[in-house]
Amino acid sequence: MNFDNYIFDFDGTLANSKQCAIEATKEAFAQFGLSEPSDADIVHYMGISIEKSFIEMSDRFLTEDALNQLLELFREQYRQLETTYLCSVIGISETLEQLLRKKKQVFVVSSKKTDVLLRNLDHLGLGRFIQEAIGSDKVTRYKPDPDGINYIIQNHHLNPARSIYIGDAIHDIQMAKAAGIKSCGVTWGAFDAKALLRENPDYILNEADEINTIL
């Protein structure tokens, strides 16, 4: 099937940010006096907002104020580390460029806040390919709820039947299904093929240039 509209996740899909997220999360939890979550737990929750995942990973109840302090610690740590650890997925820049040459529309829906998302896209030189990128602050409900995709579909008057969401996490596939559009899981991010296949995505890809096979 041909698609006109390609909506991407960011972390683990366009960008290799796993180590950056792991290091920033552990440092933030340690500074806040919480037990550091394991690498496996941090990776498991990648794809959903830190507003939700940090509550799940905390070893004690967090008030709203405490959670906000922890989030700010994380964001500061992430900003310090992103120039060292954050890099684009191999082949993704060329793939996005080809989508534009084919007159496709390209969007990003991420669990990051929008200002951080835009900063990261520009840092990696990917912002020039994206028509609009939105983060968690643009929606009421976070992944796997479909608010992010619905925002893009409605505001850009897209045909859902000609739209696809591409992400590396099970939450991405769940969100696409909830929004009623096609889903594509990619195996170069947080989740392996076996985990992604349990969510029954419409497509599953192992390399960035394979996105060209679903033009």
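Small disclaimer: the values here were computed from a predicted structure and weren't measured.

A. Geometry of the packing of aromatic side chains. Scanning the entire structure with this criterion turns up five aromatic pairs. With centroids separated by 5.1 Å and ring planes inclined at 80°, the aromatic side chains of Phe29 and Phe54 adopt a geometry described as edge-to-face. Residue Phe29 is found in helix α1 (residues 18-31), and its partner Phe54 is found in helix α3 (residues 50-57); the two are separated by 25 residues along the sequence. Side by side, Phe29 and Phe54 carry an identical accessibility label, which is buried. The rings of Phe29, Phe54, Phe74 and Tyr78 are connected pair by pair, giving a single aromatic cluster.

B. Inspection of the packing of α1 against helix α4 (residues 64-85) at higher detail. Interhelical geometry of α1 versus α4 gives an angle of 145° and a closest axis separation of 8 Å. In terms of crossing hand, the pair formed by α1 and α4 is right-handed. Listed contacts from α4 to Gln19, Cys20, Ala21, Glu23, Ala24, Thr25, Glu27, Ala28, Phe29 and Gln31 of α1 are Leu70, Leu73, Phe74, Gln77, Tyr78, Leu81, Glu82 and Tyr85. Tallied by class, residues from the contact of α1 with α4 come to eleven nonpolar, four polar and three charged.

C. Just the sheet that holds strand β1 (residues 5-8), in detail. Taken in spatial order, the six strands of this open sheet run β5-β4-β1-β6-β7-β8, and their pairing is parallel. Each edge of the open sheet is held by one strand with a lone partner, namely β5 (132-134) and β8 (203-205). Across the sheet, the mean angle from the axis of one strand to that of its neighbour is 20°, orientation sign disregarded. Taken together, the four bridges between β1 and strand β6 (residues 163-167) define a ladder with parallel strand orientation. Residue pairing across strands places Asn5 opposite Ser163, the latter belonging to β6. Here helix α6 (residues 114-123) sits on the sheet and contacts β4 (105-109) and β5; the angle it forms with β5, its principal contact strand, is near 130°.

D. The packing of α3 against α4, seen in detail. The contact between α3 and α4 brings their axes to 10 Å, and the two run at 110°. Taken as axis vectors, α3 and α4 run roughly perpendicular relative to one another. Within the contact between the two elements, α3 uses Ile50, Glu51, Phe54 and Ile55 and α4 uses Leu67, Leu70, Leu71, Phe74 and Arg75. Split into classes, the residues belonging to the contact of α3 with α4 amount to seven nonpolar, no polar and two charged.

E. Looking closely at the nonpolar core. Ranked by internal contacts, the top residues of the largest apolar core, which has 60 residues, are Tyr6, Phe8, Leu14, Phe54 and Leu96. Broken down by element, the residue count for this core peaks at seven residues, all from α4. Two domains each put at least three residues into this core: domain 1 (5-15 + 88-213) and domain 2 (17-85). Once you skip the residues sitting within four places of it in the chain, Leu14 turns out to touch Phe8, Asp9, Ser88, Val89, Ile92, Leu96, Val108, Leu121 and Leu126. Among the nonpolar cores identified, the runner-up in size contains 14 residues, and Phe107, Ile134, Ile153 and Ile181 belong to it.

F. Molecular detail of the side chain of Ser183. For Ser183, the position within the fold is in strand β7 (residues 182-186). For Ser183, a relative accessible area of 1% puts it in the buried group. Every residue in contact with Ser183, bar those within four places of it in the chain, is listed here: Ile164, Tyr165, Ile173, Ala176, Lys177, Asn200, Pro201, Asp202 and Tyr203.

Parameters and conventions
Residues numbered from 1 in each chain as written. Predicted model: local features only at pLDDT ≥ 70, side-chain atom pairs only at ≥ 80, totals over all residues. Heavy atoms only, no water. Phe/Tyr/Trp six-rings, centres within 6.5 Å; stacked < 30°, edge-to-face > 60°. Helix = DSSP H or I, 4+ residues; strand = E, 2+ residues; numbered from the N terminus. Buried < 20%, exposed > 50% of the residue type's maximum accessible area, 1.4 Å probe, protein only. Axes fitted to C-alpha atoms, helices over the stretch in contact; angles between N-to-C directions. Left-handed = near helix turned anticlockwise from the far one by under 90°. Contact = heavy atoms within 4.5 Å. Nonpolar A, V, L, I, M, F, W, Y, C, P; charged D, E, K, R; others polar. Pairing = 2+ DSSP bridges. Parallel < 35°, antiparallel > 145°, perpendicular 65-115°, else oblique. Core = buried A, V, L, I, M, F, W, Y, C linked by side-chain atoms within 4.5 Å. Domains from an automatic or database assignment.

Interpretation note: all reported values are geometric properties and have no functional meaning in isolation.
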